[in-house]
Amino acid sequence: MEHETWNKIKSIVESLLFAAGKPISYNQIAKILKIDQKEAEQTIRQMQKEYQEQKRGFRIVSNNYQAEMTSAPENAEMLSQFLNYEKSAISQAKIEALTVLAYKGPLTQAELEEIRGVNCSVILRNLKIDDLIDGIKQGDMIKYQVSVKFLKMLGIESVEELQSNVNCLLS
Amino acid sequence: MNLQISLQQFQGPLDLLLTLIQKQELDISKISLSQVADQYLKFINENKHIPFNKLLDFLAIASQLIILKTRALLPYLSDDAEEESEDNLIIKLQNYQLYLNLAKKLQNRLENQQSISFSRLSKSINFRLDESSITLPLLQKTAARLLTQKVKPMPITALKKIFNIQEKLKQINDYLKQKEKFLFSELVGRTSSKIEIIISFLALLELSKAGVVFISQKEMFEEITIMKHGT
């Protein structure tokens, strides 16, 4: 891609993320910019990297499906004070399901059940209500992935950041 | 060894199995699995009130443990397919253990909140009620307004008896005891109430989800055949 067009795209995506104030999907970004989803994904990855390298006060959190502009995780302490933030507790069962999805997702319900050895309909429904996971339609199947909200709670900017150090351990 | 444990403590059969193995300070292996098999089965026996959907998960693993133990006692009964499923169980358990450790790390991270990202429009801002704005005169005024408001009486209508899904489930279950295979039209044959047909259908879907029945239909709008699971 031409350097100038590339910069233009980045600028628009940046404006979009800023104005949205909530997660927006790659699909949506692609539609607005009339580019394909892969390009939208690449743009966001590139921007994530730039913000991190430049140690900006705002960052992009993404679960490979949606992206949201957020504050830098390392500034959490000051922001927590400013925003009066109180952490919310997540139950053991939820954490367990979220962990599997975070490290191995996106997974179908059946794949998640295979790993956990238990039926997961209820837990998936509850996690969906809490907005901690996203269900992504792929053909006839729904695959589940941890949400941007969950990554934000952890102060992690992408699922790869989590997955990179343990992937080799999981067969 | 006496194990004081109850189902509530466990996320599922793998969790239970892992706990049993760890209590004896064993590694995850075929030998340790056959050692804890009896305790696992005893646990299921003693917990009569495991809900049906959970019970299936526990029994699936129980059957694998029984095979494993049998083969440990009678090694000449070996079979490649079974050996593979044993290896699968071991891998599953090892992975599960890994996930549990990762879950602990995530939990720690969540609790220690060293790092959190906030949205631009943070929903986590806590709006606090400003108590100073609530004064006695304000409450009196509000109460007076509410009490003098004319309220239309609610119309009284007799409610029709609606079939409840629980009743319907029981009815179908009773039906299944007599017949192992039947048509949906047989089930609702005697009624013309639309709501009852819908409730019957919902009950059927519920039973199918729980794995009690199989439902099949050749074409759209064709007869629906209901079969008891396992026939």
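Before reading on, note that the structure itself is shown above.
Here the structure is a predicted model, which is why all the values come from computation and not from measurement.

Chemist: What should I look at first to understand the overall build of chain B in this one?
Modeler: The number of helices and strands found in chain B is eight helices and three strands. Starting at the N terminus and ending at the C terminus, chain B contains elements arranged as α-α-α-α-α-α-β-α-α-β-β. Nonlocal contacts in chain B, meaning residues at least 24 apart in sequence, comprise 55% of its contacts between residues at least 6 apart. Carbon together with sulfur atoms contributes 58% to the accessible area of chain B, which is approximately 16200 Å² in total.

Chemist: Mind showing me how you'd approach the environment of Lys 23 of chain B here?
Modeler: All names here are of chain B. Structurally, the position occupied by Lys 23 is in helix α1 (residues 13-23). Residue classification places Lys 23 among the partly exposed positions, given a relative accessible area of 43%. Taking the C-alpha atoms as reference, Lys 23 lies 10.0 Å from Val 36; in sequence the two are 13 residues apart.

Chemist: Would you mind going over the interface of chain B and chain A with me for this structure?
Modeler: At the junction of the two partners, chain B supplies 33 residues and chain A supplies 44 residues. Taking both partners together, chain B and chain A bury about 3800 Å²; carbon and sulfur atoms supply 56% of that area. Here chain B is connected to chain A by one salt bridge. The closest approach of N and O atoms between Lys 92 of chain B and Glu 114 of chain A, which form a salt bridge, is 3.7 Å. On inspection of chain B and its partner chain A, the count reaches ten residue pairs in polar contact (both at pLDDT 80 or more). Mapped by element, the contributors of at least two residues to the side of chain B that touches chain A are α1 and α4 (80-112) of chain B. Among the residues forming the side of chain B that touches chain A, the class breakdown is 15 nonpolar, twelve polar and six charged.

Chemist: Help me out: how do you make sense of the sheet that holds strand β3 (residues 66-71) of chain A in this one?
Modeler: Across a sheet, paired strands are connected by hydrogen bonds in the backbone, their directions being either parallel or antiparallel. All names here are of chain A. The strand order across the open sheet formed by three strands is β1-β3-β2, and the pairing between neighbours is antiparallel. Each of the sheet's edge strands pairs with one partner strand only, and the pair in question is β1 (24-25) and β2 (58-62). By the bridge criterion, two bridges tie β1 to β3 in an arrangement that is antiparallel. Within β3, the position partnered with Ser 25 by the bridge is Gln 66. Strands β2 and β3 of the sheet are contacted by helix α3 (residues 37-53), whose axis makes an angle of about 140 degrees with β2.

Chemist: I'm lost on unusual backbone geometry in this one. Help?
Modeler: Generally, phi is negative for residues other than glycine and the peptide bonds are trans, each holding for most cases. Following Gly 105 of chain A, the chain continues to Pro 106 of chain A via a peptide bond in cis, the omega torsion being 0 degrees. Mapped onto the secondary structure, Pro 106 of chain A falls in the loop between α5 (92-104) and α6 (109-116). If you check the backbone angles, Lys 55 of chain A has positive phi at about 50 degrees while not being a glycine. Within the secondary structure, Lys 55 of chain A is located in the loop between α3 and β2. Phi angles above zero are rare outside glycine, and Phe 221 of chain B is one such case at about 65 degrees. Its location among the elements puts Phe 221 of chain B in the loop between β2 (213-217) and β3 (224-228). Take Phe 221 of chain B: its relative accessible area is 78%, and that puts it in the exposed class.

Basis of the calculations
Residues numbered from 1 in each chain as written. Chains lettered and ligands numbered in written order. Predicted model: local features only at pLDDT ≥ 70, side-chain atom pairs only at ≥ 80, totals over all residues. Heavy atoms only, no water. Helix = DSSP H or I, 4+ residues; strand = E, 2+ residues; numbered from the N terminus. Contact = heavy atoms within 4.5 Å. Areas by Shrake-Rupley, 256 points an atom, 1.4 Å probe, with all protein chains shown as cover. Buried < 20%, exposed > 50% of the residue type's maximum accessible area, 1.4 Å probe, protein only. Buried area = accessible area lost by both parts, 1.4 Å probe. Salt bridge = Lys/Arg side-chain N within 4 Å of Asp/Glu carboxyl O. Polar contact = N/O pair within 3.5 Å; in protein donor to acceptor, adjacent residues only side chain to side chain. Nonpolar A, V, L, I, M, F, W, Y, C, P; charged D, E, K, R; others polar. Pairing = 2+ DSSP bridges. Axes fitted to C-alpha atoms, helices over the stretch in contact; angles between N-to-C directions.

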